[in-house]
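# Coordinate analysis (summary)
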Amino acid sequence: MKKFLILALLIFAVSFHVEASRLDSYREILLSNSYTIKYTNVTPAPRVTNKDRVELYGKSGLAAESNDFLTNKPKDGVITADGQNKYEEVGGEVDGKQLYMCRLSKNGEDFFFTKYKNKESERKWKYVGTRRNRVVANDKNYIAEILENESYGDADMSRLINAILPNSNENSQQAEYKFVAQGEIEDEDDNYNFYEDYRADLDSGKVEIVRYYFKDNELKKIASASLDKTPSGEDYVRRYIIEIEKFSPVPEENLLQLPKGVKDETKRKKSKEA
Amino acid sequence: MKKLFLTMALIFGILNFGTANAEQPAAETYRQIFQSDNFYLEFKDKWGERILTAENGIRMERMSYKYERGNMVWLNPLGAIFGGKENKNPEIMYKDGIYFQFIGKNQANYCAAKDINSESINPRSGWDKIPQKLALPDELAVFLWDDAPFKVKNSKIPAPNFQESYKKIFKVNGKDIECECDLYACELNGAKNSGVLYYELAYAAGELVRAKRYISRNGNEYDLNVLEIVKIQSETPEGTFSVDEKNIQCYAPRMGDMADLLEQSQSAGTMQEILNKGE
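These notes cover the structure that comes with them. Please read these numbers as outputs of a predicted model, since none were measured by experiment.

So, how was this worked out
- Residues numbered from 1 in each chain as written.
- Chains lettered and ligands numbered in written order.
- Predicted model: local features only at pLDDT ≥ 70, side-chain atom pairs only at ≥ 80, totals over all residues.
- Heavy atoms only, no water.
- Helix = DSSP H or I, 4+ residues; strand = E, 2+ residues; numbered from the N terminus.
- Buried < 20%, exposed > 50% of the residue type's maximum accessible area, 1.4 Å probe, protein only.
- Contact = heavy atoms within 4.5 Å.
- Areas by Shrake-Rupley, 256 points an atom, 1.4 Å probe, with all protein chains shown as cover.
- Core = buried A, V, L, I, M, F, W, Y, C linked by side-chain atoms within 4.5 Å.
- Buried area = accessible area lost by both parts, 1.4 Å probe.
- Salt bridge = Lys/Arg side-chain N within 4 Å of Asp/Glu carboxyl O.
- Polar contact = N/O pair within 3.5 Å; in protein donor to acceptor, adjacent residues only side chain to side chain.
- Phe/Tyr/Trp six-rings, centres within 6.5 Å; stacked < 30°, edge-to-face > 60°.
- Lys NZ or Arg CZ within 6 Å of the ring centre and 35° of its normal.
- Patch = residues over 30% accessible without salt bridge, like charges linked within 9 Å, V, L, I, M, F, W, Y side chains within 5 Å.

## A short note on the overall build of chain A
Tallying secondary structure elements over chain A gives four helices and 14 strands in all. The buried share among the 274 residues of chain A stands at 45%. If you take every contact in chain A between residues at least 6 apart in sequence, the share linking residues at least 24 apart comes to 55%.

## Quick word on the overall build of chain B
What chain B contains, in helices and strands, is seven helices and 13 strands. Taking all 279 residues of chain B together, the buried fraction comes to 44%. Considering only contacts within chain B whose residues lie at least 6 apart along the sequence, 51% involve residues at least 24 apart. With the model as given, the accessible surface of chain B reaches about 15,500 Å², and the carbon-plus-sulfur share is 51%.

## With respect to the nonpolar core
Core analysis: the biggest nonpolar cluster contains 46 residues, and B:Leu140 and B:Phe143 have the highest contact counts within it. Looking at this core element by element, the count peaks at five residues for helix α2 (residues 25-35) of chain B. The residues contacting B:Leu140, other than those within four sequence positions of it, are B:Phe34, B:Leu41, B:Leu201, B:Leu208, B:Ala211, B:Leu227 and B:Ile229. Core analysis: the next-biggest nonpolar cluster, separate from the first, contains 38 residues, A:Ile29, A:Ala81, A:Met101 and A:Phe247 among them.

## A few points about the interface of chain A and chain B
As a measure of interface size, the accessible area lost when the parts come together is often cited. Listed per partner, the contact involves 30 residues of chain A and 38 residues of chain B. At the boundary of chain A with chain B, total buried surface from both sides reaches about 3,200 Å², with 50% on carbon and sulfur atoms. Across the chain A-chain B interface, the total number found is two salt bridges. A salt bridge links B:Lys46 to A:Asp139; its shortest N-O distance comes to 3.7 Å. The tally of links from chain A across to chain B stands at 11 residue pairs in polar contact (both at pLDDT 80 or more). Broken down by element, the side of chain A that touches chain B gets its largest block of residues, five residues, from helix α3 (residues 142-147) of chain A.

## A short note on the environment of A:Glu243
Residues and elements named next belong to chain A. Tracing the backbone through its elements, the reader meets Glu243 in strand β13 (residues 235-248). Residues Glu243 and Thr40, spaced 203 residues apart in sequence, show a C-alpha to C-alpha distance of 5.2 Å. Excluding residues that lie within four positions of it along the chain, Glu243 makes contacts with Lys38, Tyr39, Thr40, Val42, Lys220 and Lys221.

## Digging into the packing of aromatic side chains
Residues and elements named next belong to chain A. Tallied over the entire structure, the rule returns 19 aromatic pairs over all chains. The interplanar angle of 45° and the centroid separation of 6.4 Å between the aromatic rings of Tyr26 and Phe214 together place this pair among those described as tilted. One end of the pair, Tyr26, is in helix α2 (residues 24-32); the other, Phe214, is in strand β11 (residues 207-215), with 188 residues separating them in the sequence. Of the two residues, Tyr26 and Phe214, both sit in the buried class. With 5.7 Å between their ring centres and 80° between their planes, Tyr100 and Trp125 make a pair best called edge-to-face. Residue Tyr100 is found in strand β4 (residues 97-106), and its partner Trp125 is found in the loop between β5 (109-117) and β6 (126-128); the two are separated by 25 residues along the sequence. Positioned above the aromatic ring of Tyr240 is the side chain of Arg159, whose terminal nitrogen or guanidinium carbon lies 4.7 Å from the ring centre.

## Focus: a nonpolar patch on the surface
Taken together, the side chains of B:Met258, B:Leu261 and B:Leu262 define a hydrophobic patch exposed on the protein surface, amounting to about 350 Å² of accessible area. Here B:Met258 lies in helix α6 (residues 258-261).

Remember, this is a structural readout, not a statement about activity or role.
In structure tokens:
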């Protein structure tokens, strides 16, 4: 695994940009698979209807957009990984309550649970998996992981983080996000002072343009506009704004295990059938 | 002598090669059964034991009654004897362009196929997943890849191709049996990852007994699902399902109108009336 990573890093260093880009260091963090990202998805997805049918294999990101409680609200998210295990949470304030959907991927298994607080002032989080303080391991969605790439929190965030990474599969038909421009930019609140633009021409005439905002060398914000056509031929434009609160190469180890008091009650087979 | 040995080796080599590169003859029979859209399929997987039937354009599906009664039969032996006379509704039915979800002995929700992807349907009523449940399980996709309109096709997953045949021992009905296996594969290519999706079909005595779907990625294999086939035949046994269309009250899909918002479900008539009305 490590060899593969080093090789990937090398290929990348040779093949990618000639000029050093501010996004490079973040790309390396993601490829090393050890990171902590905290973000707010300011423009959440609209409610999912039957029009957006779930494909047979499902999605790789957390299905926050089909959770009615989180519809049309900004969502906070945390993603952390230490090379082996990964933890993702997406959620926010719902009617004065704090509610988060969580997924812990450990030893090739996925644990899904919800954590919540009825009042902001409450000290402890409450956890519900299969029932209060109990979780059961699920198989990973391998097909979704291959076809839709690694998941980073909700679906929008997953796509925009994956846009930073190169397409490492040679046989891939998917479009790659390519560097377009960079430059200085002024902001009233001085939250950022530099930008880098990337663009992808996706299949069937869909175009997505992503702008990564930096304060000096620190990634602060990701904004994106995607242009699509509806089946009737009208333009369908969506924009996304994601504010990055933290993006560091240090994993939060305390999140990478089941929370205290939560028990794993999976019935595992002793010997696996061939 | 040497020549003879060589020719023998060659002949055996060719023969071996021949057997290793042909599907089981039964595969063609199954392909015909499923493509004729008249079939009876009974299988077990980790979720339970299910029956799927297709007859004259009518598809029905439900968890097997046998399985549902299970060990509780001793509680009501009379029920087990006389139970056969009651209506055997499926869980889901498709007939004349209308999907029905049975919600009780004499009640069902219905939705026309043209409305099933409608934006105004309440997503919580789960109509989008109903056609998939009537589709041939993906483990058997080798026999019928395009199961329209029930299967939601994914353009990123290509149709599987035959790879090889081999022998392997599986437990069938509690006994270890050496099965003839056919392996089919298709490549999955994402932007960052790739893998191979395998379909392994195991035959014993010329009949399909086991269908497994697994994925291979970075040298590791992960099982997706295994079907244990109980029965596949072209005719549905009589009495598998019997739907009393005249006495089943049907409810219209919830389309976000006032009745839906007030959560008042109003009967739209019996199943017979709705089928007569058409889509």
